[in-house]
Amino acid sequence: MRFDNSRESDNIEDRRGGGGGGGLPVGGRGIGIGTIVLALVAMYFGVDPSVVLNQAVEAPAPQAQSRPAGPPANDAETVFVRHVLAETEDTWKQIFSQNGKQYVEPTLVLFSGATRTACGVGQAAMGPFYCPGDQKVYIDLAFYQELKSRFKAPGDFAQAYVIAHEVGHHVQNLLGISEKVQAARQRASEREANALSVRLELQADCLAGVWAKNADAARGILEAGDVDEALRAATAIGDDNLQKQAQGYAVPDSFTHGSSEQRVRWFRRGMESGQLNACNTFQARAL
């Protein structure tokens, strides 16, 4: 990615090592109150809560890293995140304005191990996530190493795609989509609720593609191979791929984020069109 014409965002809250007053050191085995809360949060975001509970039993919770409190660091990873977040701010502000709406910028929280959120206790085991209650994106940057080593999806644009997907959830929140979907999920059967979650997640993938298309058109951020990096990331974190890794087979009715093929397809759709109206997964007959 190129950031020659890009600024850095100030909407970063650094809680690593307890910075910003929001860090939450954790450790040990077993299931505590925090884990139960986390499982409920995971269910809200369309994640199978049993995954969270199993992780709590099978492995020690991550320890919060020790670092003095203060402003966001200037290491390469943090600077990269600030650039990507700024790109999402500038792009979505323009798109919202073109549609007669005002874009409210989210805050991106950097944390290590675990942290408090308006949605409960968030942990690194969840991966990056968005909390509509406080309009913040949360990410433990250790996830990027997981993306590279465990999921075989390296590259800076793969990392940017992750942020853009979570910002896509913020866009859904601002447009009132998330609230409607959550209300519908509460009235639905488990199978129907999962299907709604898939459509919500695939729409966020599409919105990430819309961002990439418009940001590149405005400021030329993409380099050769960048889109392939995002597609590898989308493929790696498809429900079918993750379930096959975990249990050797996939159960489509339990999908909450969409298959690898679906995630790639909807990211491509957003990337090719660059238009919000191309991302209406809820009206699509086939995903």
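This text follows the structure it describes.
Summary of the structure given here. (Residues numbered from 1 in each chain as written. Predicted model: local features only at pLDDT ≥ 70, side-chain atom pairs only at ≥ 80, totals over all residues. Heavy atoms only, no water.)

## What about the overall build of the protein chain?
Item 1. What the protein chain contains, in helices and strands, is 10 helices and 6 strands.
Item 2. When each of the 287 residues of the protein chain is scored for burial, the buried share is 51%. (Helix = DSSP H or I, 4+ residues; strand = E, 2+ residues; numbered from the N terminus. Buried < 20%, exposed > 50% of the residue type's maximum accessible area, 1.4 Å probe, protein only.)

## Notes on the pairing of strand β4 (residues 120-123)
Item 1. Two strands pair when backbone bridges link them, and strand β3 (residues 114-117) and β4 are joined in this way by 4 bridges, in the antiparallel orientation. Counted as the bridge partner of Arg-116 is Val-121 from β4.
Item 2. Hairpin connection between β3 and β4: a loop of 2 residues separates the two successive antiparallel strands. (Pairing = 2+ DSSP bridges.)

## Description of the packing of helix α5 (residues 156-174) against helix α8 (residues 226-236)
A packed helix pair is summarised by two numbers, namely the angle formed by the two axes and the spacing between the axes.
Item 1. Look at α5 against α8: their axes get within 7 Å of each other, and the N-to-C directions meet at 60 degrees. Considered as vectors, α5 and α8 are oriented oblique to each other. In terms of crossing hand, the pair formed by α5 and α8 is right-handed. Contacts from Asp-156, Phe-157, Ala-158 and Tyr-161 of α5 reach α8 at Asp-226, Val-227, Glu-229, Ala-230, Ala-233 and Ala-234.
Item 2. Its residues placed into classes, the contact of α5 with α8 shows 7 nonpolar, no polar and 3 charged. (Axes fitted to C-alpha atoms, helices over the stretch in contact; angles between N-to-C directions. Parallel < 35°, antiparallel > 145°, perpendicular 65-115°, else oblique. Left-handed = near helix turned anticlockwise from the far one by under 90°. Contact = heavy atoms within 4.5 Å. Nonpolar A, V, L, I, M, F, W, Y, C, P; charged D, E, K, R; others polar.)

## Considering the state of the cysteines
Item 1. In the structure shown here, the tally under the stated rule is 2 disulfides.
Item 2. Through a disulfide, Cys-119 is tied to Cys-131; the S-S separation comes to 2.1 Å. Looking down the S-S bond of the Cys-119 and Cys-131 bridge, the torsion is 95 degrees, so its handedness is right-handed. Of this pair, Cys-119 sits in the loop between β3 and β4 while Cys-131 sits in strand β5 (residues 129-131), placing them 12 residues apart in sequence.
Item 3. What makes Cys-131 buried here is its relative accessible area of 0%.
Item 4. The disulfide partner of Cys-206 is Cys-279, and the gap between their sulfur atoms is 2.1 Å. Between Cys-206 and Cys-279, the S-S torsion sits near -75 degrees, and that sign places the bridge as left-handed. (Disulfide = S-S within 2.5 Å.)

## Description of the packing of aromatic side chains
Item 1. Under the criterion given, the structure shown has 8 aromatic pairs.
Item 2. Taking the centre distance of 5.2 Å and the plane angle of 65 degrees together, the rings of Phe-96 and Tyr-103 count as edge-to-face. By the burial criterion, Phe-96 is buried, and Tyr-103 matches it.
Item 3. Measuring from centroid to centroid gives 6.1 Å for Phe-157 and Trp-211, while their planes differ by 15 degrees, and the two rings are stacked. Taken together, the residues span a long stretch of sequence, with Phe-157 in helix α5 and Trp-211 in helix α7 (residues 190-219) at a distance of 54 residues. For the pair formed by Phe-157 and Trp-211, the shared burial category is buried.
Item 4. Every member of this aromatic cluster is reached through a ring pair, and the members are Trp-92, Phe-96 and Tyr-103. (Phe/Tyr/Trp six-rings, centres within 6.5 Å; stacked < 30°, edge-to-face > 60°.)

On their own, these measurements won't tell you what the molecule is for.
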